[in-house]
Amino acid sequence: MIEKLFKDGSTKMIAQIDTRNIASQRLVESLGFVRTDRINNADTFKGTVSDEYVYELLPAMGAHAR
């Protein structure tokens, strides 16, 4: 899907993931995403304020470019 989106003209993919969600962080990292930022107090989930990491993937960064 990532390869197709870039082929069709997308220039960047962005993922925002709760800092506590290790499985999702590992998944996007395995796809070539790079952590670029942290957003404090990004969301409230089940009554608890959570922070999020921002991940980015550019066409030359992803596994599809290898």
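The rules we used
- Residues numbered from 1 in each chain as written.
- Predicted model: local features only at pLDDT ≥ 70, side-chain atom pairs only at ≥ 80, totals over all residues.
- Heavy atoms only, no water.
- Pairing = 2+ DSSP bridges.
- Helix = DSSP H or I, 4+ residues; strand = E, 2+ residues; numbered from the N terminus.
- Axes fitted to C-alpha atoms, helices over the stretch in contact; angles between N-to-C directions.
- Contact = heavy atoms within 4.5 Å.

Would you mind going over the sheet that holds strand β3 (residues 48-57) with me for this structure?
Strand pairing in a sheet relies on backbone hydrogen bonds. The paired strands run either parallel or antiparallel. In spatial order, the strands read β1-β3-β2; together these 3 strands make up an open sheet with antiparallel pairing. Whereas interior strands pair on both sides, the edge strands pair on one side only; in this sheet they are β1 (13-18) and β2 (34-45). Averaged over neighbouring strand pairs, the angle between their axes works out to 25° when direction is ignored. Where β2 meets β3, 8 bridges bridge the pair, whose relative direction is antiparallel. Bridging across to β3, R38 finds its partner in Y53. Contacts between helix α2 (residues 22-30) and the sheet are confined to β1, β2 and β3, with β1 contributing the most and set at about 160° to the helix.

Looking at this structure, how should I read the environment of I39?
The residue I39 is located in strand β2 in this model. Between the alpha carbons of I39 and E52 there is a distance of 5.1 Å; along the sequence they are 13 residues apart. Beyond its immediate chain neighbours, meaning those up to four positions away, I39 contacts Q16, D51, E52 and V54.

In short, shape yes, function no, at least from these values alone.
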